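Coordinate analysis (summary)
The lines below spell out each chain.
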Amino acid sequence: MRALFLWAAGNRWLATHVPRWRFARRAVKRFLPGEGFEAALKAATDFKARGVGALFTLLGENVTDLADANRVVEHYEEVLAASAGVEAEVSVKPTQLGLDIDPDAAYANLLRLARAAANAKSFLWIDMEGSAYTERTLDLYKTLRAEHANVGVALQAYLHRTVSDVATLLPLKAAIRLVKGAYAEPAEIAFMRKREVDENYLALCAFLLPEVKRRNLRLVLATHDTVLIAKAWRFAQALGMERAHFEVAMLYGIRTDEQLRLAREGYGVRCLIAYGDAWYAWYLRRLAERPANMWFVARQLLP
Ligand SMILES: Cc1cc2nc3c(=O)[nH]c(=O)nc-3n(C[C@H](O)[C@H](O)[C@H](O)COP(=O)(O)OP(=O)(O)OC[C@H]3O[C@@H](n4cnc5c(N)ncnc54)[C@H](O)[C@@H]3O)c2cc1C
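Because the structure is predicted, anything quoted here is derived from the model rather than measured.

Thoughts on the environment of Gly181
With respect to the secondary-structure elements, Gly181 resides in the loop between strand 5 (175-179) and helix 9 (194-215). Using a relative accessible area of 22% as the deciding quantity, one classes Gly181 as partly exposed. Measuring from C-alpha to C-alpha, the distance between Gly181 and Thr223 comes to 9.8 Å, with 42 residues separating the pair along the chain. Excluding residues that lie within four positions of it along the chain, Gly181 makes contacts with Arg2, Gln156 and Tyr158.

Here is the structure:
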């Protein structure tokens, strides 16, 4: 099922047609407060009142025109200026900033966003996309990190290479958002079984947490896997880490009760709030993560 949904995520015909189907638009609402930024800002305001921070992301990837990438940058500049009150951070995809077209232009766009984030006293995260982009994304991040401290990058525990990427990033005082990984990758480069991915995730936490403490780095565990979070916390606790410095991030609409519980218990919690009309591929990746979500979609077909 996972492979089928991830194949559908990359299918052009479906990407053009599915977003026009009313039941699909109804189903996606579970993971988006709305398509416009205003709805995302309102959701962030509600979460802030309950102790959960926000991480905004405008949906969209693989832009084919640098003018579109420029519009994305301008949008985020406005978002950063408008969201100081909710202390939100932003997360961007390099291919949404033009990486497929011109890496130098993508870097210039990232630099603009890092500056805008610094001016707004916020933080810029770089999403990690499919493995075709891993090396280039890390190159962009390393160059950017040399100029700006308020930038972080996502790393995927399902990739074999991640442990060595961590080793090269640590001396740069990198901020890392650790995810399991959401794309279809071949067995030569990625762990295929959930158990292996989970074990690698925990092993990476065990490697990273002492460094986080020693070098005063930022590590965000971006997962809904509360069993893994609890195991990593026990490790962090043994290192003498405070709850507020143990950061967790989850997606809007998934395990909200757990997000609120962790925030109540004093952990640093952020909710990634996605918005925009380019939700098709992103939404299919959410279905791939939990095929049972398909039942929710099917219910939208009923009157
Ligand atoms: C803040 C954040 C940022 C992310 N950024 C990236 C990125 O830059 N690059 C990237 O490749 N991936 C990213 N991801 C996605 C990530 O890689 C996983 O695909 C996703 O988080 C699902 O895996 P999991 O860690 O929650 O663990 P899983 O083992 O998949 O899930 C644990 C439990 O969480 C619940 N759950 C998980 N997913 C869903 C869902 N879709 N619907 C309903 N319940 C669910 C289920 O109860 C499940 O049993 C991000 C995820 C988060 C939370």
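Read on for the rest.
Considering helix 5 (residues 66-82)
Note that an α-helix has 3.6 residues per turn; residues three or four places apart therefore point the same way. End to end, helix 5 covers 24 Å across 17 residues, agreeing with the expected 24 Å (1.5 Å per residue, within 8%). Looking at helix 5, one finds that the buried residues are Ala69, Val72, Val73, Tyr76, Val79 and Leu80. The buried residues of helix 5 occupy an angular sector of 120 degrees when the element is viewed end-on, so they sit on one face. Residues Glu78 and Ala81 are exposed on helix 5 and point more than 90 degrees away from its buried face. Here the buried face of helix 5 lies against helix 4 (37-49), strand 1 (53-58), strand 2 (89-92), helix 6 (103-119) and strand 8 (268-275). Put simply, Asp65 is the residue that caps the front of helix 5, since its side-chain oxygen is 2.9 Å from the backbone nitrogen of Ala67.

Let's talk about the sheet that holds strand 8
One closed barrel holds the eight strands; their spatial order is 1-2-3-4-5-6-7-8, and the pairing between them is parallel. The average angle at which neighbouring strand axes cross in this sheet is 25 degrees, direction not considered. Note that strand 4 (residues 151-156) and strand 5 share five bridges and pair parallel. Note on strand 5: the bridge partner recorded for Gly152 is Ala175. Its contacts with the sheet place helix 7 (residues 134-147) against strand 3 (124-126), strand 4 and strand 5, and it is angled at close to 155 degrees to strand 4.

Looking at helix 8 (residues 162-169)
Residues of helix 8 that are buried include every one of Thr162, Asp165, Val166 and Leu169, and no others. Looking straight down helix 8, one finds its buried side chains confined to an arc of 105 degrees; they lie on one side. Tucked into the core, helix 8 has its buried residues touching helix 7, strand 4, strand 5 and helix 9.

Quick word on the environment of Arg136
Relative to the elements of secondary structure, Arg136 occurs in helix 7. Sequence separation of Arg136 and Ala82 is 54 residues, and the distance between their C-alpha atoms is 30 Å.

Section: the nonpolar core
Of all hydrophobic cores here, the largest spans 110 residues; its most connected members are Phe56, Leu124, Leu144, Phe246 and Ile273. Of the residues forming this core, the biggest block, eight residues, is contributed by helix 6. Those residues in contact with Ile273 that sit more than four places away from it in its chain are Pro33, Ala40, Ala43, Ala44, Phe47, Ala54, Leu55, Phe56, Thr57 and Tyr252.

A word on a positive patch on the surface
A grouping of Arg22, Arg25, Arg26 and Lys29 is seen on the molecular surface, where their side chains present a positively charged patch. Arg22 gets classed as exposed once you look at its relative accessible area, which sits at 63%.

A word on the environment of Arg261
Here Arg261 shows up in helix 11 (residues 256-264). In sequence terms Arg261 and Ala114 are 147 residues apart; their C-alpha atoms lie 31 Å from each other.

Digging into the site of the ligand
In the neighbourhood of the ligand, 25 residues make up the surrounding shell, with Lys180, Gly181, Lys194, Thr223 and Glu289 lying closest. A distance of 3.0 Å separates a nitrogen atom of the ligand from a polar atom in the side chain of Arg177. Protein coverage of the free-state accessible area of the ligand, which is 930 Å², stands at 88%. Where the shell around the ligand is concerned, the elements lending two or more residues are strand 4, strand 5, strand 7 (247-251) and helix 12 (280-289).

Notes on the side chain of Asp127
Position of Asp127 relative to the elements: it lies in the loop between strand 3 and helix 7. Classification of Asp127 as buried rests on a relative accessible area of 5%. In terms of polar contacts, Asp127 uses its side chain to reach the side chain of Lys93, at 2.8 Å. A polar atom in the side chain of Asp127 sits 2.9 Å from the side chain of Arg177. The contact partners of Asp127, leaving out residues within four places of it in the chain, are Thr57, Ser91, Val92, Lys93, Pro94, Thr137, Ala154 and Arg177.

What counts as what
Residues numbered from 1 in each chain as written. Predicted model: local features only at pLDDT ≥ 70, side-chain atom pairs only at ≥ 80, totals over all residues. Heavy atoms only, no water. Helix = DSSP H or I, 4+ residues; strand = E, 2+ residues; numbered from the N terminus. Buried < 20%, exposed > 50% of the residue type's maximum accessible area, 1.4 Å probe, protein only. Contact = heavy atoms within 4.5 Å. Expected span 1.5 Å × (residues − 1). Arc of directions from axis to C-beta. Polar contact = N/O pair within 3.5 Å; in protein donor to acceptor, adjacent residues only side chain to side chain. Pairing = 2+ DSSP bridges. Axes fitted to C-alpha atoms, helices over the stretch in contact; angles between N-to-C directions. Core = buried A, V, L, I, M, F, W, Y, C linked by side-chain atoms within 4.5 Å. Patch = residues over 30% accessible without salt bridge, like charges linked within 9 Å, V, L, I, M, F, W, Y side chains within 5 Å. Areas by Shrake-Rupley, 256 points an atom, 1.4 Å probe, with all protein chains shown as cover. Salt bridge = Lys/Arg side-chain N within 4 Å of Asp/Glu carboxyl O. Lys, Arg positive; Asp, Glu negative; His and termini not counted. Charge placed at Lys NZ, Arg CZ, Asp CG, Glu CD. Near = heavy atom within 4 Å.

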